[in-house]
Amino acid sequence: GKKMGSQSISSIFNPFMKEQTKDILHTEFNLRKGLDMNEFSLYYQPQVNCVSGEVEGFEALIRWRHPEKGIIPPIEFIQHAESTGLILPIGEWVIEQAFQQLESWSIQGITTCTLSINISPRHFLHEKLLPFLKKCLRTYQVAPQQFIIEITENVAMGDYLAAQKRITDLHELGFKVSIDDFGTGFSAFIYLQHFAIDEVKIDRQFILDIESNRKSLGIVKTIVDLASLLNIKVVVEGVETEAQLQLLQAIGCKTIQGYYYARPLPTGEIEQWLHARSV
Ligand code: C2E
Ligand code: MG
Ligand code: MG
Ligand code: MG
């Protein structure tokens, strides 16, 4: 909070708005190559019910295993992918990978968990999204109800009606829709009023200082109460400490995703993590 002066408003609302200094063409070439060379992988972060201890689901988070640079986090390339259009093949890769993972978990007896995937605004509104999802539903033995599609508030900034229609279409196919980074955009309440969403994810920004900033706790409590009134599930992101967890539990939060329980893990480690919890 005290460093606000040195931080521009746009960087608070959206860190991606910062000037990109990298050569975009070079990145586009590398991204395409990374995709062709199978260098992307999904990590999975558990979502735990802090009351019952039950694992409710996972969020799939993309990583780029670059042969020279090592593991590159999404903040370094998703925005480039979005602006160059490569987000479409990358997003389709993510969707298909997620279907495969859910199918494989269900074969291993992990059947009650949901899997959340992040879909960028451009891909979400793209005409190929629904046909691709339908194709995956035909190919994999997976129930669409196990999938949660995460979008951010700015999805509706381009075409509000199109976004609304897309959410309806996804529901008709059986998918659930979640608003990610809830409260950090400019249209939070409009979403609750006009969009039939299933879940909101409270951004880590509101959790970071929850012990010292009464405003943050108040904002989180208000979202939790409102969501409960509207029958919308709440997931709290970025919980790292026991103290944060206790405050959140006291105001009625249930589903927690954060380092406190687990970091995002590659697929083999998730099964180990689940096994270690159940013994
Ligand atoms: P997000 O969807 O809001 O994902 C949550 C981010 O918070 C993840 O960062 C996760 O590792 C991090 N996180 C979770 N718990 C904690 C915690 O307790 N402490 C801290 N410090 N961080 C925590 P990650 O994986 O680096 O992803 C960043 C963003 O990149 C995501 O934010 C999402 O917007 C985007 N992204 C990730 N994977 C994909 C993808 O497959 N497709 C698209 N379009 N975007 C993706
Ligand atoms: Mg997300
Ligand atoms: Mg988020
Ligand atoms: Mg975020």
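Residues numbered from 1 in each chain as written. Chains lettered and ligands numbered in written order. Predicted model: local features only at pLDDT ≥ 70, side-chain atom pairs only at ≥ 80, totals over all residues. Heavy atoms only, no water.

**With respect to the side chain of Glu-82**
1) Next: The topology assignment puts Glu-82 in helix α3 (residues 78-84).
2) Next: One buried charged side chain, Glu-82, makes no salt bridge at all; its nearest oppositely charged neighbour is Arg-122, positioned 5.8 Å away. (Helix = DSSP H or I, 4+ residues; strand = E, 2+ residues; numbered from the N terminus. Buried < 20%, exposed > 50% of the residue type's maximum accessible area, 1.4 Å probe, protein only. Lys, Arg positive; Asp, Glu negative; His and termini not counted. Salt bridge = Lys/Arg side-chain N within 4 Å of Asp/Glu carboxyl O.)

**Describing the pairing of strand β5 (residues 147-152)**
1) Next: Extensive coverage of β5 is indicated by the burial of 5 of its 6 residues.
2) Next: In this sheet, β5 lies alongside strand β4 (residues 114-118) in parallel orientation, the contact comprising 4 bridges. In the sheet register, Asn-118 faces β5, and the bridge partner there is Glu-150.
3) Next: Bridge count for β5 against strand β6 (residues 176-182) is 5 bridges, and the pairing is parallel. Along β6, the bridge assignment pairs Ile-149 with Val-177. (Pairing = 2+ DSSP bridges.)

**Brief notes about the coordination of the magnesium ion (ligand 2)**
Six octahedral donors around a metal ideally sit at 90 or 180 degrees from one another, while four tetrahedral donors ideally sit at 109.5 degrees.
1) Next: Ligation of the magnesium ion (ligand 2) by protein atoms is provided by Glu-59 (OE), Asn-118 (OD1), Glu-150 (OE) and Asp-180 (OD), these donors lying 2.0 to 2.2 Å from the ion.
2) Next: When its relative accessible area of 2% is taken as the criterion, Glu-59 is described as buried.
3) Next: A relative accessible area of 1% means that Glu-150 is categorised as buried. (Donors = N, O, S within 2.8 Å, 3.2 Å for Na, K, Ca; no water.)

**A few points about the confidence of the model for the protein**
Atomic detail in the predicted coordinates should be set aside for any region of low pLDDT.
1) Next: Within the protein, residue pLDDT values average 90, and 91% of them lie at 70 or more.
2) Next: Taken as a whole, residues 1-8 scores under 50 in pLDDT and shows 2 contacts with residues more than four places along the chain or in a different chain.
3) Next: Of the regions scoring below 50 in pLDDT, residues 17-21 engages in 3 contacts with residues more than four places distant in sequence or in other chains. (pLDDT = per-residue confidence, 0-100. Contact = heavy atoms within 4.5 Å.)

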